[in-house]
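Breakdown of the fold
Here are the chains, one letter per residue:
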Amino acid sequence: MSDADTPRQPQEELPSKSQAKREMHELRDLAAALAALPEERIHQLPASSALIEGLLEVRHLPEGDPRRRQTLYLGRQILEEDEQALRRAAAGQTAGTPEHTRRLHMAERWRERLIHEGKPALTEFMDRYPQTDVQHLRQLIRNAARQSDSGDRNSPRRRLYRYLRERIDEGEQL
């Protein structure tokens, strides 16, 4: 029996053209969201250097077709990367997403624990996020404990919160 005589198997494993387009649009949107991250966060992404360079480059392109073409290209490059890790990184920085909210609440809880519990909480935080500068963190905790939250954007409690949030973001991306 030749190949022409054998009955063809349904091509279940191949997505439809519409599904393939939806997936490419999702990847393009992911690439655009990653390119919108702050530059320091882009450098920390779990991605190849080529993708990181492309994400930095797209920020300097004019709006319209050049940027659209570059994000499409980056979307295809994401297929070769750890897509789920990149999605988590983008979600952690996008306001309103569950991941972003989770990290905000986590930083708030750590701030309160560090101020009220002291050394046991500090030890636990350092175990969980070893990239933290312990001296700087101790100083921030000491200043925040001495002064109540005045609502000022640069109050000691807010500085501590921002520092904790940065460490949590770094730790979650590893």
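Just so you know, these numbers come straight off a predicted model, no measurement behind them. (Residues numbered from 1 in each chain as written. Predicted model: local features only at pLDDT ≥ 70, side-chain atom pairs only at ≥ 80, totals over all residues. Heavy atoms only, no water.)

To continue, consider the overall build of the protein chain. Helix and strand content of the protein chain: 9 helices and 0 strands. Beginning at the N terminus, the succession of helices and strands in the protein chain can be written as α-α-α-α-α-α-α-α-α. In the protein chain, buried positions account for 34% of the 174 residues. Within the protein chain, contacts between residues separated by at least 24 positions form 55% of all contacts whose residues are at least 6 apart in sequence. Entry remark: accessible area of the protein chain is about 11,200 Å², with carbon and sulfur atoms responsible for 48%. (Helix = DSSP H or I, 4+ residues; strand = E, 2+ residues; numbered from the N terminus. Buried < 20%, exposed > 50% of the residue type's maximum accessible area, 1.4 Å probe, protein only. Contact = heavy atoms within 4.5 Å. Areas by Shrake-Rupley, 256 points an atom, 1.4 Å probe, with all protein chains shown as cover.)

Quick look at the packing of helix α6 (residues 98-117) against helix α7 (residues 119-128) now. One can describe the packing of α6 onto α7 by two numbers: an axis separation of 6 Å at closest approach and a directional angle of 140°. As the angle between them shows, α6 and α7 are arranged oblique. Side by side, α6 and α7 meet where Trp110, Arg113, Leu114 and Glu117 of the first sit next to Lys119, Pro120, Ala121, Leu122, Glu124, Phe125 and Arg128 of the second. Looking at the contact of α6 with α7 residue by residue, the class counts come to 6 nonpolar, no polar and 5 charged. (Axes fitted to C-alpha atoms, helices over the stretch in contact; angles between N-to-C directions. Parallel < 35°, antiparallel > 145°, perpendicular 65-115°, else oblique. Nonpolar A, V, L, I, M, F, W, Y, C, P; charged D, E, K, R; others polar.)

Right, let's get into the packing of aromatic side chains. In total, this model carries 2 aromatic pairs according to the counting rule given. Both rings, one in Trp110 and one in Phe125, keep their centres 5.0 Å apart while their planes meet at 75°; by these two values the pair is edge-to-face. Placement of the pair is Trp110 in helix α6 and Phe125 in helix α7, with a sequence separation of 15 residues. With relative accessibility at 4%, the residue Trp110 sits in the buried group. In this structure Phe125 comes out as buried when scored by relative accessible area, which is 0%. Taken together, a centroid distance of 4.9 Å and an interplanar angle of 45° make the contact between Phe125 and Tyr129 tilted. Taken together, the aromatic side chains of Trp110, Phe125 and Tyr129 make up a single cluster linked through ring pairs. (Phe/Tyr/Trp six-rings, centres within 6.5 Å; stacked < 30°, edge-to-face > 60°.)

Below, the discussion takes up helix α1 (residues 17-35). Helix length check: α1 (19 residues) gives 27 Å between terminal C-alpha atoms against 27 Å at 1.5 Å per residue, within 8%. The set of residues buried in α1 consists of Leu27, Leu30, Ala31, Leu34 and Ala35. Within α1, the buried residues cover an arc of 135° as seen down the axis, which keeps them to one side. (Expected span 1.5 Å × (residues − 1). Arc of directions from axis to C-beta.)

Quick look at the pattern of salt bridges now. In this structure the tally under the stated criterion is 11 salt bridges. The partner of Glu112 in a salt bridge is Arg111, and the shortest N-O contact between them spans 3.3 Å. You can call Glu112 partly exposed: its relative accessible area is 27%. We classify Arg111 as buried; its relative accessible area is 13%. Each of Arg113, Glu117, Glu124 and Arg128 takes part in salt bridges that share partners, so that together they form one network. (Salt bridge = Lys/Arg side-chain N within 4 Å of Asp/Glu carboxyl O.)

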